[in-house]
Amino acid sequence: MNVTISSTSDKPIYQQLHEQISAQILGGELESGYCLPPIRQAALELHVSVITVKKAWEELERNGLIHTVTGKGCFVAEFSPDEMLRIRNEMVLKQMEGDIQYYKSFGLTLDEVIALLGKIY
Amino acid sequence: MLALDIRNLNKKYPNFQIKDVSFQLEQGYIMGFIGVNGAGKTTTIKSILNMVQADSGEISILGKNIAEHETELKQDIGCAFGDIDFYTRSRLKTLTGITKKFYKNWSDETYYSYLNRFKLDENKKIAELSTGMKVKYSLTLALSHGARLLILDEPTSGLDPVSRDDLLDIFQELIMGGEISILFSTHITSDLERCADYITFIEQGQIVASSEKNEFKESYRLLSGSESQLNEVKGKLISCKINSFGFTGLIHARDIDPAWSLNTAIPTLDDIMIYFAKKEGVYV
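Residues numbered from 1 in each chain as written. Chains lettered and ligands numbered in written order. Predicted model: local features only at pLDDT ≥ 70, side-chain atom pairs only at ≥ 80, totals over all residues. Heavy atoms only, no water.

### Topic: the overall build of chain A
Argument step 1. Across its full length, chain A holds five helices and three strands.
Argument step 2. Going from the N terminus to the C terminus, chain A shows its helices and strands as α-β-α-α-β-β-α-α.
Argument step 3. On the principal axes, the C-alpha backbone points of chain A span a range of 50 × 35 × 20 Å.
Argument step 4. Summarising the internal contacts of chain A: among those between residues at least 6 apart in sequence, 50% fall at separations of at least 24.
Argument step 5. Accessible surface, chain A as shown: approximately 7,900 Å² in total, 55% of it carbon and sulfur.
Argument step 6. If the 11 positive side-chain charges of chain A are averaged to one point and the 16 negative ones to another, these points end up 5 Å apart. (Helix = DSSP H or I, 4+ residues; strand = E, 2+ residues; numbered from the N terminus. Contact = heavy atoms within 4.5 Å. Areas by Shrake-Rupley, 256 points an atom, 1.4 Å probe, with all protein chains shown as cover. Lys, Arg positive; Asp, Glu negative; His and termini not counted. Charge placed at Lys NZ, Arg CZ, Asp CG, Glu CD.)

### Here we look at the interface of chain B and chain A
Interfaces are often described in size by the accessible area the parts lose on coming together.
Argument step 1. Across the boundary between the two partners, chain B contributes 18 residues, which contact 13 residues of chain A.
Argument step 2. Summed over both partners, the interface of chain B with chain A buries about 1,400 Å², with 52% contributed by carbon and sulfur atoms.
Argument step 3. Among the residues of chain B in contact with chain A, B:Tyr29, B:Gln172 and B:Met176 are the three that bury the most area, contributing 35% of the side total.
Argument step 4. Where chain B meets chain A, there are one salt bridge.
Argument step 5. Taking the shortest distance from any N to any O, the salt bridge between A:Lys55 and B:Glu212 comes out at 3.5 Å.
Argument step 6. At the level of elements, α6 (161-174), α7 (189-195) and α8 (213-218) of chain B are the ones that each hand at least two residues to the side of chain B that touches chain A.
Argument step 7. Counting residues per element, the side of chain B that touches chain A draws most heavily on α6(B), which supplies four residues. (Buried area = accessible area lost by both parts, 1.4 Å probe. Salt bridge = Lys/Arg side-chain N within 4 Å of Asp/Glu carboxyl O.)

### What to know about helix α5 (residues 131-143) of chain B
Residues and elements named next belong to chain B.
Argument step 1. Given a rise of 1.5 Å per residue, 13 residues ought to cover 18 Å, and the 18 Å separating the end C-alpha atoms of α5 matches this to within 8%.
Argument step 2. Along α5, 11 of the 13 residues are buried, which leaves the element largely enclosed by surrounding structure.
Argument step 3. When we look at burial in α5, the residues that qualify are Gly-132, Lys-134, Val-135, Lys-136, Tyr-137, Ser-138, Leu-139, Thr-140, Leu-141, Ala-142 and Leu-143.
Argument step 4. Tucked inside the fold, the buried residues of α5 contact β6 (77-81), α3 (92-100), α4 (108-117), β7 (149-153) and α6. (Expected span 1.5 Å × (residues − 1). Buried < 20%, exposed > 50% of the residue type's maximum accessible area, 1.4 Å probe, protein only.)

### Considerations on a positive patch on the surface
Residues and elements named next belong to chain B.
Argument step 1. A cluster of basic residues, Arg-89, Arg-91, Lys-93 and Lys-125, forms a positive patch on the protein surface.
Argument step 2. Relative to the assigned elements, Arg-91 resides in the loop between β6 and α3.
Argument step 3. The class of Arg-91 is partly exposed, set by a relative accessible area of 37%. (Patch = residues over 30% accessible without salt bridge, like charges linked within 9 Å, V, L, I, M, F, W, Y side chains within 5 Å.)

### A few points about unusual backbone geometry
Residues other than glycine predominantly adopt negative phi, and peptide bonds predominantly adopt the trans conformation.
Argument step 1. You will see that A:His47, though not glycine, has its phi angle at about 60 degrees, which is positive.
Argument step 2. Within the secondary structure, A:His47 sits in the loop between α2 (39-46) and α3 (50-62).
Argument step 3. Not every positive phi belongs to a glycine, and B:Leu62 is a case in point at roughly 50 degrees.
Argument step 4. Inspection of the secondary structure puts B:Leu62 in the loop between β4 (56-61) and β5 (64-65).
Argument step 5. When its relative accessible area of 8% is taken as the criterion, B:Leu62 is described as buried.

### Examining the UniProt feature "domain: HTH gntR-type" (unreviewed entry) in chain A
Argument step 1. Listed under "domain: HTH gntR-type" (unreviewed entry) in the UniProt record, and renumbered for this structure, are residues 11-79 of chain A.
Argument step 2. Strand forms 14% of residues 11-79 of chain A and helix 51%; the C-alpha atoms that close the span are 28 Å apart. (UniProt positions renumbered as here; feature names shortened; annotations may be inferred.)

### Focus on the packing of helix α1 (residues 13-26) of chain A against α3(A)
All names here are of chain A.
Argument step 1. Here α1 crosses α3 at 45 degrees, and the two axes come no closer than 8 Å. As judged from the angle between their axes, α1 and α3 are oblique. Here α1 and α3 pass one another in a crossing that is right-handed. Residues Ile-13, Tyr-14, Leu-17, His-18, Ile-21 and Ser-22 of α1 pack against Thr-52, Val-53, Lys-55, Ala-56, Trp-57, Glu-59 and Leu-60 of α3.
Argument step 2. Considering only residue class, the contact of α1 with α3 consists of eight nonpolar, three polar and two charged. (Axes fitted to C-alpha atoms, helices over the stretch in contact; angles between N-to-C directions. Parallel < 35°, antiparallel > 145°, perpendicular 65-115°, else oblique. Left-handed = near helix turned anticlockwise from the far one by under 90°. Nonpolar A, V, L, I, M, F, W, Y, C, P; charged D, E, K, R; others polar.)

### A closer look at the UniProt feature "domain: ABC transporter" (unreviewed entry) in chain B
Argument step 1. Residues annotated by UniProt as "domain: ABC transporter" (unreviewed entry) correspond here to residues 1-229 of chain B.
Argument step 2. Secondary structure across residues 1-229 of chain B comprises 33% helix and 30% strand; the distance between its end C-alpha atoms is 48 Å.

### Re the domain arrangement of chain B
All names here are of chain B.
Argument step 1. Annotation of chain B at the domain level lists domain 1 (2-216) and domain 2 (219-283).
Argument step 2. Relative placement of domain 1 and domain 2: their C-alpha centres are 33 Å apart.
Argument step 3. If you look at the interface, domain 1 gives 14 residues, while domain 2 gives 11 residues.
Argument step 4. Each partner contributes to the roughly 1,100 Å² buried at the junction of domain 1 and domain 2, and carbon and sulfur atoms together form 64% of this total.
Argument step 5. Linking domain 1 with domain 2 are zero salt bridges, by the criterion used here. (Domains from an automatic or database assignment.)

### A few points about the sheet that holds strand β11 (residues 220-225) of chain B
Through backbone hydrogen bonds, the strands of a sheet pair up, either in parallel or in antiparallel fashion.
Residue and element names in this part refer to chain B.
Argument step 1. In space, the four strands of this open sheet follow the order β12-β13-β11-β14, with antiparallel pairing throughout. Two strands bound the open sheet, and with one partner strand each, they are β12 (237-243) and β14 (263-265). Adjacent strand axes in the sheet meet at a mean angle of 20 degrees when their direction is disregarded.
Argument step 2. Pairing of β11 with strand β13 (residues 246-252) involves six bridges; the strand directions are antiparallel. Bridge pairing in β13 links Ser-224 to Thr-248. (Pairing = 2+ DSSP bridges.)

### Overview of the packing of aromatic side chains
Argument step 1. What the rule picks out here adds up to 12 aromatic pairs over all chains.
Argument step 2. Consider the rings of B:Phe201 and B:Phe216, whose centres lie 6.2 Å apart with planes at 75 degrees: the pair is edge-to-face. Highlighted residues: B:Phe201 in strand β9 (residues 198-203) and B:Phe216 in helix α8, separated in sequence by 15 residues. This pair shows no difference in class: B:Phe201 is buried, exactly as B:Phe216 is.
Argument step 3. Grouping aromatic residues by their ring pairs yields a cluster made of B:Phe201, B:Phe216, B:Tyr220 and B:Phe276.
Argument step 4. The ring of B:Tyr29 has A:Arg40 sitting right over it, with the charged end atom 4.9 Å from the ring centre.
Argument step 5. One cation-aromatic arrangement involves B:Lys241 over B:Tyr275; the distance from NZ or CZ to the ring centre is 5.3 Å. (Phe/Tyr/Trp six-rings, centres within 6.5 Å; stacked < 30°, edge-to-face > 60°. Lys NZ or Arg CZ within 6 Å of the ring centre and 35° of its normal.)

Below, the structure written as structure tokens:
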């Protein structure tokens, strides 16, 4: 597992954690059954507060990406390719919603945005 | 279990008072206690430790009332108040020898490991130490008797960035097991951004808020817009700064009207302290 935290970013740290780990799970880097480090240890190692890690793990659990086995730890869940696609799309759409506000503030149409995206993608 | 439970603490001085101070710290977590100079942080901390006699209020530590179990509970509390400025002609060794006699669970092993970690020389006199070294020594004493609640008044002030980083590491190592809890006051809010789980904000002797750190920050917004938009929102702002680009002000998140077309951002802990301090200026 690879995580980089920026304390100067506008994004809350738990969200950074959540996004990066989700991406690694959905991208197949972290396989199902992978055991995440215990919350307090992760907090110490990442130099963030315990509650921050707790929140990130809870968010992952809510999205169905990990599951907790009491007394053992948190494990990457098992899911079908369909489910994986659904969760991934959900997350991407959420990000796009925010981005779109920005494009709209310039008065761009959908076609214009797609054309611009095509240039850099 | 609550490591610390303070309810309706009052203490009145001729020119200052702390009023109805209440907050709780759950065991195994770190709480940052913030407020400008003179806001009442030290008075509150000293009242918790019964170093100043509160007029009223109830304080429980690790589930026990401190008024009834003071001697017993103080074995479980480690406290430090910045640097040490007493017995300055004594050697650290001598002062340690005296301190350890008061504690049943004193551990020489822990003590020497912190001395080493902080690079302190036991044979030096207090007067020969720099400010940072004195802070480190007082922390060493606070950490060496198996305390389950650490109450530290500005432990990071006077420390260089490297030592501060190391101290925060120590804090996080200490709470790893979920047994030890830490309450520390500070002005250096970047320390809190890193390791605090909860924030308690005191202003003019009253608690403004005490909650989980992100919740605390997200309950406020920095609002910015042009000067002409200011009139619309002014009544709801906690305070604001005006310059040639427009205004920036702090507002409670719940007071935001979604109809406003203004920029909003989550404030930093510093922002919150600064704008609250400005609020007072308005009334003077």
